[in-house]
Amino acid sequence: MSVDQQHHSKLKPVSSGHSERVRVSIIIVVLNCVEYVESALKSVLDQTYSDIELIVIDGGSTDGTLDVIYRHKLRIDILVSEPDKGIYYAMNKGLNLASGELIGFVNADDFLFPWVVNTLVEKFKNLNFDYTVGPVDIVDKSDGFVRVADPLRNFIEGNRYVYRMVTAHQALFVRKKLLIKLGGFNTRYKLRADFDLLCRIIKLKGDNYFRFTESVGRFRLGGVSGGFDTFHENFYLMREHGGSFPIIILVTFASYFKVAVASLLPLSLKRFIWRHVI
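Just so it is clear, the model here is predicted, and its values are computed rather than measured. (Residues numbered from 1 in each chain as written. Predicted model: local features only at pLDDT ≥ 70, side-chain atom pairs only at ≥ 80, totals over all residues. Heavy atoms only, no water.)

> Lay out the overall build of the protein with the relevant residues and their values.
On a plain count of helices and strands, the protein comes out with 10 helices and 12 strands. Taking all 278 residues of the protein together, the buried fraction comes to 51%. Considering only contacts within the protein whose residues lie at least 6 apart along the sequence, 79% involve residues at least 24 apart. On the protein, roughly 13500 Å² of surface is accessible, and the fraction owed to carbon and sulfur atoms is 54%. (Helix = DSSP H or I, 4+ residues; strand = E, 2+ residues; numbered from the N terminus. Buried < 20%, exposed > 50% of the residue type's maximum accessible area, 1.4 Å probe, protein only. Contact = heavy atoms within 4.5 Å. Areas by Shrake-Rupley, 256 points an atom, 1.4 Å probe, with all protein chains shown as cover.)

Spelled out as structure tokens, the structure:
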């Protein structure tokens, strides 16, 4: 699979000094996701690149998820299963355990395409970037294709202040030393700590990113984010990062309106709007 490289003018090929092998740590955080977790695990285990550290952080699942995980335990580098305070506490736990130079996160109900890490490492050796962005395929709970979610357009065009998540989390790989410097995920945010972290990454390392131009995986609709509580948290997050108050109000209102209207529509019409209108 060939993936073209695109980058801004500040991102130039350099002699990075990396050894021949670059370790990549991929962290899967899971709680009671027996229906999909095996697909997520296999999507990491089936990567064509070999030097991957797979870390699974389970929050104390009781639905059979652990039985699925244990079937693959010989290929999992680090497995922790214990109650925690939430998804971002679990992600920080995985981050602190990781030994890779680059870190990625895959949710338990999502999927990473097999060429992604190999392409990531090849580009990293040449370009020495700090983080990545890229598109993903959005699917419904039955794996029905909904649309491709591209990175936020105004970010790609050079605007470094953003009002929404720039890229889906599967496309975001970050240097571990940068994540540690930033203190990982801010657990004050229960639903949007990933957005907060990406805002802080962009403030510090703006143009030094690599962009995947083909979808890196599948993102499944129906997770914990995306509802009214998420928009409420986004409002305060954008204020904290210095956004324009009128624009924040407009973005928040539009988000509430979109979800309210969408809740009244049949699934077939929602899919049509996602594919052809939005």
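> How would you summarise the packing of aromatic side chains if you had to cite specific residues and measurements?
Evaluated as defined, the whole model comprises eight aromatic pairs. Through successive ring pairs, a cluster of aromatic residues spans Trp115, Phe124, Phe129, Phe210 and Phe212. (Phe/Tyr/Trp six-rings, centres within 6.5 Å; stacked < 30°, edge-to-face > 60°.)

> How would you summarise the sheet that holds strand 9 (residues 145–149) if you had to cite specific residues and measurements?
Judged by pairing direction, the sheet is mixed, and its four strands sit side by side in the order 6-12-8-9 without closing on themselves. Among the strands making up the open sheet, the edge pair consists of strand 6 (111–112) and strand 9. Pairing geometry for strand 6 and strand 12 (residues 217–220), over two bridges, is antiparallel. Each residue of the ladder has a partner; that of Leu112, found in strand 12, is Gly217. (Pairing = 2+ DSSP bridges.)

> Report on the environment of Gly60, specifying residues and quantitative values.
Of note, Gly60 is situated in the loop between strand 3 (52–58) and helix 2 (65–70). For the pair formed by Gly60 and Pro83, sequence separation is 23 residues and the distance between their alpha carbons is 5.0 Å.

> Provide a residue-level description of the pairing of strand 9, including the pertinent values.
In this sheet, strand 9 lies alongside strand 8 (residues 136–139) in antiparallel orientation, the contact comprising four bridges. What sits directly across from Val136, in strand 9, is Ala149. From the end of strand 8 to the start of strand 9, which pair antiparallel, there are five residues, and Asp143 there has a positive phi angle of about 70 degrees.

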